[in-house]
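An overview of the molecular structure
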Amino acid sequence: MYDLYGSLGNLAVLKNRKSRAINAENPTGEKGKGGMAASNLGPSRKGSPCLKDIPSGATVTLADIEGPGIINHIWITVTNKTTEADCFVLSDLVIRIYWDDEVVPSVESPLGDLFCCGFARECTVNSIPIAVIPNRGMNSYFQMPFRKRARITLENQHANPIPAFFYQIDYCIVDELNDDVAYFHAQWRRERLTTIGKDYVILDNVKGRGHYVGTYLALTTLERYWWGEGEVKFYIDGDLEYPTICGTGTEDYFGGSWSFAKQVNGKTVEQNYNTAYMGYPYYSSHDELIHNDYHNDDCLPMRGFYRWHIQDPICFDEDLKVTIQQIGVGHGGLFERQDDVASVAYWYQREPHNPFSQLLSKEYRRPR
C-alpha cells in the first residue's frame, strides 16, 4: 500500500513510487521525454517553456494522467492583464479537475481564487498547502490521489488570448491506494449582495463521507463599521436548525482577534499576516492594476483570508454544510449586514460527489 502523507519524520524512508512531471515541454509526463523542445540555443534548451496564445473561449488540457497515482504539487504563473482595460485574467481563467472519468468536475474555481488570490489580484500567500510567491508564482501542495485517471483543464473566458501560461504538475505513479483514501474537492461560490439575516453558504449539498480541510474567503464590505462578528457554522451529519460546530466570529475563525487592529498615528489599521494554517494576506481599497486619466483608483474595501483545517479537519460521515453570518458592530451595537462575499471550500470525500451549482459568468466573478 502507498503511504499517502509525507513529512520530515519519514523523509528518509524509501518510497515505492515513480516520479513524473507534466509541463508544456512534456505534456504527457512521459519518462525520458522532458525538455526535448529546441530553441535558438539548440535542442533541449528551453524550447517550449509555456503554453502560448491560448485563444479566448478555448479549453486546454493541462494534464491527463492514468492512475493510480497522486498529484503532489501544482505550480502555475500567468500575466494578470492583457491590456490596461482587460485586467481580470485571474478571475477569467477557470481551472477544473476531474477524477476517474467523471463528467462533472471535483474542482472548479477561478484560477486566482483557488490559490487564495481573489478579486483578480495576486498577493503573497505563505502557508503550508498554498503558497503564492513573490509575484503570481502560485503553488498548491494539497495531495490529490486518484485511482484511475486525473484530468486538469483550463478554460480561457478572458476577452483576449493568454500570451503565455506557465505550469508544472508534479505527481507520482503508485501500485495502489489504500481503501480509506478520499478525493480532493474545491468549489468557488459568490453572493454579490448577501441577504439580511441569512447566512452566506460556503458549502452545501455534500453527501457521503469525508473531511473539510479549508476555507478561502474574499470579502468586499458594502457597509461601514466593523464587519467581522459573523460566526462560521458547520452542519454535520443531519444537523438542521443548529450546527454541531459554531465559532465566535469571523476574525476568530481566521485565527485573529480584536479586529486585527493596531493604532498608527491615531488611526485604526488592520494588520495582514501569513501563517502555516491561517492568514489575512490581502487588503486593498484601490484598483492596483489600472490607470485612467479621468477617474481615481478608489475601490470598495477588499479583504482575503484563508483557514486550513489540516490539524483540525471537520469530519463527516453523511453530509456537510458550511455557512458564515454577515454581522457587524458599530456605535449602536451588533447589526445585520449585507456584503459581497466569495469563497472557495476545500474538502476530501469519497466519490461520487453531487454536481456543483453552475459557475457564475465572468462578469459576475469580477471584483466591484
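Now for a description of the structure that goes with this document. These numbers were taken from a predicted model, which means no experiment stands behind them.

Our focus in this paragraph is the overall build of the chain. Counting its secondary structure elements, the chain contains 4 helices and 27 strands. Its C-alpha atoms put the chain at 70 × 55 × 40 Å along the principal axes. A burial count over the chain gives 50% of its 368 residues as buried. In the structure as shown, the chain presents an accessible area of about 17600 Å², 51% of it carried by carbon and sulfur atoms.

Turning next to empty space enclosed by the protein. Applying the stated rule across the entire model yields 3 cavities of 30 Å³ or more. Lining the largest cavity, in full, are Asp113, Gly118, Phe119, Trp188, Arg190, Ala218, Thr220, Asp340, Ala342, Arg365, Arg366 and Pro367. Put simply, the parts of the chain that give the lining of the largest cavity at least two residues each are β13 (183-191), β15 (210-220) and β27 (340-349). For the lining of the largest cavity, the residue count by class is 5 nonpolar, 2 polar and 5 charged. Volume-wise, the second largest cavity comes out at about 70 Å³. What lines the second largest cavity is simply Ile74, Ile95, Ile97, Val107, Leu114, Phe115, Ile130, Ser140, Phe142, Met144, Phe184 and Tyr346.

In the structure shown here, the tally under the stated rule is 0 disulfides. Unpaired in this structure, Cys123 has its nearest cysteine sulfur neighbour in Cys117, at a distance of 4.1 Å. In this structure Cys315 is a free cysteine whose sulfur lies 19 Å from that of Cys246, the closest cysteine sulfur available.

Bringing the sheet that holds strand β14 (residues 200-207) into the picture now. To summarise the sheet geometry, strands pair through backbone hydrogen bonds and adopt either a parallel or an antiparallel arrangement. With respect to topology, 4 strands assemble into an open sheet ordered β14-β24-β16-β17, the strand pairing being antiparallel. The sheet is open, and its two edges are formed by β14 and β17 (245-246), each paired on a single side. Where β14 meets strand β24 (residues 319-324), 5 bridges bridge the pair, whose relative direction is antiparallel. Bridging across to β24, Leu203 finds its partner in Val322.

Take the side chain of His353 next. Inspection of the secondary structure puts His353 in the loop between β27 and α4 (362-365). The exposure class assigned to His353 is buried, which follows from its relative accessible area of 8%. One polar contact links the side chain of His353 to the main-chain carbonyl oxygen of Pro105, over a distance of 2.9 Å. A distance of 3.4 Å separates a polar atom in the side chain of His353 from a polar atom in the side chain of Ser106. Apart from the residues lying within four places of it in its own chain, the contact partners of His353 are Glu102, Val104, Pro105, Ser106 and His185.

Another point: the pairing of β15. Of all the 11 residues making up β15, 10 are buried; the element is thus mostly covered by neighbouring parts of the structure. By the bridge criterion, 3 bridges tie β15 to strand β23 (residues 314-316) in an arrangement that is antiparallel. Within β23, the position partnered with Gly210 by the bridge is Phe316. Two elements, β15 and β27, share 10 bridges in a ladder whose sense is antiparallel. Within the sheet, the bridge partner assigned to Thr215 lies in β27 and is Ala345. Sheet analysis places β15 next to strand β22 (residues 298-308), joined by 7 bridges and oriented antiparallel. The partner of Gly214 across the bridge, within β22, is Trp308.

A surface patch of like charges, here negative, comprises Asp175, Glu176, Asp179 and Asp180. Following the sequence through the fold, Asp180 ends up in the loop between β12 (162-173) and β13.

So, about the packing of aromatic side chains. In total, this model carries 24 aromatic pairs according to the counting rule given. Note on Trp226 and Trp227: the rings are 4.4 Å apart at their centroids and 40° apart in plane angle, and the pair reads as tilted. Classification of Trp227 as buried rests on a relative accessible area of 3%. Judged by centre distance (6.4 Å) and plane angle (45°), the rings of Phe234 and Tyr253 are tilted. Of this pair, Phe234 sits in strand β16 (residues 232-236) while Tyr253 sits in helix α3 (residues 250-253), placing them 19 residues apart in sequence. Neither residue differs from the other here; Phe234 and Tyr253 are each classed as buried.

Thresholds, definitions, all that
- Residues numbered from 1 in each chain as written.
- Predicted model: local features only at pLDDT ≥ 70, side-chain atom pairs only at ≥ 80, totals over all residues.
- Heavy atoms only, no water.
- Helix = DSSP H or I, 4+ residues; strand = E, 2+ residues; numbered from the N terminus.
- Buried < 20%, exposed > 50% of the residue type's maximum accessible area, 1.4 Å probe, protein only.
- Areas by Shrake-Rupley, 256 points an atom, 1.4 Å probe, with all protein chains shown as cover.
- 1 Å grid on protein atoms, 1.4 Å probe; cavity = no way out; pocket = protein on both sides within 12 Å on 5 of 7 lines; lining within 4 Å.
- Points joined across faces, edges and corners; volume = space filled by probe spheres on them.
- Nonpolar A, V, L, I, M, F, W, Y, C, P; charged D, E, K, R; others polar.
- Disulfide = S-S within 2.5 Å.
- Pairing = 2+ DSSP bridges.
- Polar contact = N/O pair within 3.5 Å; in protein donor to acceptor, adjacent residues only side chain to side chain.
- Contact = heavy atoms within 4.5 Å.
- Patch = residues over 30% accessible without salt bridge, like charges linked within 9 Å, V, L, I, M, F, W, Y side chains within 5 Å.
- Salt bridge = Lys/Arg side-chain N within 4 Å of Asp/Glu carboxyl O.
- Lys, Arg positive; Asp, Glu negative; His and termini not counted.
- Charge placed at Lys NZ, Arg CZ, Asp CG, Glu CD.
- Phe/Tyr/Trp six-rings, centres within 6.5 Å; stacked < 30°, edge-to-face > 60°.

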